[in-house]
Amino acid sequence: MLVVSAFARTRPRYGGNLRVETADVVTNSADFLRPLIGDTLTSLDPQGNPQPRLALRWESQNGGERWQFWIRPDTKLTDGSFLTATLVAQSLTTLTAQFHRWQSVRASGNSVIFESGTPMPNMPAELASPLNAIVFADASGATVGTGPFRIAGSSPNTVILKANSEYWRGRPFVDSLDITGQQSVRTQWLDLNVTRTDIAEVPPDVIRLAVQSRMRTAISPVNELLVLQISDGTSQLQDVHLRQAIANSIDRNSILNFIYQKQGEATGSLLPNWMTGYGMLFDSSQQLAVARDLRAALPYVPALTIAYPSGDSTLQLIAERIALNIRDAGLNVQTAPDSATLRADMHLMRLRLPSDNPVVALAGIANELGITIPPLTSNSMEGICKAEQAMLSTYKVVPLLYLPTAYAASNRVRDWHLDKMGTPLWQGYWLEDRK
């Protein structure tokens, strides 16, 4: 009887309204909502290999320049109608080029065909990205998909989602999600403390504070890259030795220890070590003596500027610490918030891993940074490592830190954890109001 009683108390329950707050913009078309109301054609297993999802099978043709994916039949949309290959093609056609590499996508019977002028060897893994979830507007303008939730209402800062009872993978436990956007972290934490919300964000620089405050904090493996991009558009930065001096002057461990309270990893590579296992091959230590020697061999260098995202106080502080390091190497550098009129020599940026498949992740990072990824001779870790080494050898991109994603939850949220990419597992959460 005691065993049955204990099982009854911990067995997941259906029902309830899960309240969420975020600093993101939340609208019907926001990327934040795509994986909640839509599904992808493929998914990735724990090893990063593509598996069937909305697509049951696929094959490549013409040396990988053409791919055909066959759509799972009898899959219902959130409006009660059925998914077709035409609707899949319609959804993927609306995506911007930032999220894909194909030139065209069209329906052919119960399949969709992707075509490009260049090989797309990792197409199945690329389609697993949440940004490629199948979501589109119906005839009335409502946003629909095949995902675990449907949009039931919205206002400028809030979206209300209802559970999709006919979701092909099984309906979520909660009845609804209320997501409020554009909320500061301070507001989120206050609301969590007085039980006005159930899930709040925990930025990397306050993870330790959240843990010490005994908040129910879920922390993912590192998945956000902090990187310094160095422009070679000005004449003084066209010298690779100057860019190398800047890279060698930066004290990554100091930034990690004092700003992020050791929550994350210093990195010299573009991909995290948990994904590749070769991170230790990329030196991330400060080499100030080397930087000074490189600077001494250079002619006069004018003042340089580091830009950081306007309004981001944490990255402003990091930019200022990096500027101090560069000055210690004998260079004159200032910091400034980024703007349309500022012509900065360096930009401090955050990049979220686009995939847990290393080839797709490296290609996505290269695309965001506007750099060319060398042709991969193979998808082996050795081949990926060599491609990274080639990309970083010019010192136009300097990886700094890898940071985790974290959220805090109220006591009523059960099965509380994140996936390895830092995404809340909305479909699996259930609510238990304790007395």
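Residues numbered from 1 in each chain as written. Predicted model: local features only at pLDDT ≥ 70, side-chain atom pairs only at ≥ 80, totals over all residues. Heavy atoms only, no water.

### Considering the environment of Q389
- Assignment of secondary structure puts Q389 in helix α13 (residues 381-392).
- On a C-alpha basis, the gap between Q389 and D345 in space is 23 Å, while along the polypeptide they are 44 residues apart. (Helix = DSSP H or I, 4+ residues; strand = E, 2+ residues; numbered from the N terminus.)

### Re the sheet that holds strand β7 (residues 111-115)
- Pairing in this open sheet of four strands is antiparallel, and the strands run β4-β5-β7-β6 from one edge to the other. The open sheet has two free edges, formed respectively by β4 (55-61) and β6 (104-108), since each of these has just one partner strand. The mean inter-strand angle of the sheet, taken between neighbouring strand axes irrespective of direction, is 20°.
- With five bridges connecting them, β6 and β7 associate as antiparallel partners. Counterpart to S108 in the pairing with β7 is S111.
- Those strands touched by helix α3 (residues 85-93) are β5 (66-71), β6 and β7, and its axis lies near 170° from that of β6. (Pairing = 2+ DSSP bridges. Axes fitted to C-alpha atoms, helices over the stretch in contact; angles between N-to-C directions. Contact = heavy atoms within 4.5 Å.)

### Quick look at the packing of helix α12 (residues 358-369) against α13
- Relative orientation of the contacting elements α12 and α13 amounts to 15°, with a least axis distance of 11 Å. By the criterion of interaxial angle, the relationship of α12 to α13 is roughly parallel. As α12 runs across α13, the sense of the crossing is left-handed. For the pair formed by α12 and α13, the contact residues are P358, V359, L362 and A366 on the first element and M381, I384, A387, E388 and M391 on the second.
- Broken down by class, the residue content of the contact of α12 with α13 amounts to eight nonpolar, no polar and one charged. (Parallel < 35°, antiparallel > 145°, perpendicular 65-115°, else oblique. Left-handed = near helix turned anticlockwise from the far one by under 90°. Nonpolar A, V, L, I, M, F, W, Y, C, P; charged D, E, K, R; others polar.)

### Brief notes about helix α5 (residues 185-193)
- The set of residues buried in α5 consists of Q188, W189, D191 and L192. For α5, the angular spread of the buried residues around the axis is 165°, confining them to a single face. Facing away from the buried side of α5, by more than 90 degrees, are the exposed residues R186 and N193.
- On its buried face, α5 is in contact with β1 (17-21), β13 (199-201), α6 (207-212) and β19 (397-409).
- T195 occupies a position one or two residues after α5 and carries a positive phi of about 60°. (Buried < 20%, exposed > 50% of the residue type's maximum accessible area, 1.4 Å probe, protein only. Arc of directions from axis to C-beta.)

### Describing the pattern of salt bridges
- The final tally for this structure, using the stated rule, is 14 salt bridges.
- Among the salt bridges present, the one from E115 reaches R66, with a minimum N-O distance of 3.5 Å. Linking E115 in strand β7 with R66 in strand β5, this pair joins segments that are 49 residues apart in sequence.
- In this structure, E224 engages R350 in a salt bridge whose closest nitrogen and oxygen atoms are separated by 3.5 Å. (Salt bridge = Lys/Arg side-chain N within 4 Å of Asp/Glu carboxyl O.)

### Digging into the packing of helix α7 (residues 240-249) against helix α10 (residues 288-296)
- Two elements in contact, α7 and α10, have axes whose closest approach is 8 Å; the angle formed by their N-to-C orientations is 155°. Judged by the angle between their axes, α7 and α10 are roughly antiparallel. Crossing hand, α7 versus α10: left-handed. The residues of α10 that touch α7, namely those facing H241, Q244, A245, N248 and S249, are L288, V290, A291, L294 and R295.
- In terms of residue class, the contact of α7 with α10 is made up of five nonpolar, four polar and one charged.

### Overview of the packing of aromatic side chains
- Tallied over the entire structure, the rule returns nine aromatic pairs.
- Taken together, the aromatic side chains of W58, W67, F69, W102 and F114 make up a single cluster linked through ring pairs.
- Sitting over the face of the ring of W70, R57 holds its NZ or CZ atom 3.9 Å from the ring centroid.
- A cation over a ring is seen here: R169 above W168, with NZ or CZ 5.8 Å from the ring centre. (Phe/Tyr/Trp six-rings, centres within 6.5 Å; stacked < 30°, edge-to-face > 60°. Lys NZ or Arg CZ within 6 Å of the ring centre and 35° of its normal.)

### Topic: the nonpolar core
- In this structure, L228, Y260 and I322 are the most contacted members of the largest nonpolar core, which totals 31 residues.
- Every element with two or more residues in this core is listed here: β14 (216-230), α7, α8 (252-258), β16 (304-308), α11 (313-328), β18 (346-352) and β19.
- Other than its neighbours up to four places away in sequence, Y260 contacts P204, D205, L226, I255, T314, L315, I318, R350, L401 and L403. (Core = buried A, V, L, I, M, F, W, Y, C linked by side-chain atoms within 4.5 Å.)

### So, the environment of L127
- Assignment of secondary structure puts L127 in the loop between α4 (123-126) and β8 (135-137).
- For L127 and V360, which are 233 residues apart along the polypeptide, the C-alpha to C-alpha distance reads 9.7 Å.
- With residues up to four places along the chain from it excluded, the contact list for L127 reads T40, L41, T42, F69, W102, F114 and N132.

### Observations regarding the environment of A55
- Its location among the elements puts A55 in strand β4.
- Those residues within four positions of A55 in sequence are excluded, and the remaining contacts are L41, F69, W70, I71 and R72.

### Details of unusual backbone geometry
- One non-glycine residue, Q182, lies in positive phi territory at about 55°.
- Considering the arrangement of structural elements, one finds Q182 in the loop between β12 (176-180) and α5.
- On the basis of relative accessibility, which here comes to 47%, the residue Q182 falls in the partly exposed class.
- Even without glycine at this site, D415 takes up a positive phi of about 55°.
- You can see D415 is positioned in the loop between β20 (413-414) and β21 (430-431).

### Section: α10
- Among all positions of α10, only L288, A291, L294 and R295 are buried. Down the axis of α10, the buried set is contained in an arc of 120°. They therefore lie on one face. Projecting away from the buried face of α10 at angles above 90 degrees are the exposed residues A289, D293 and A296.
- Of the surrounding elements, those touching the buried residues of α10 are α7 and α11.

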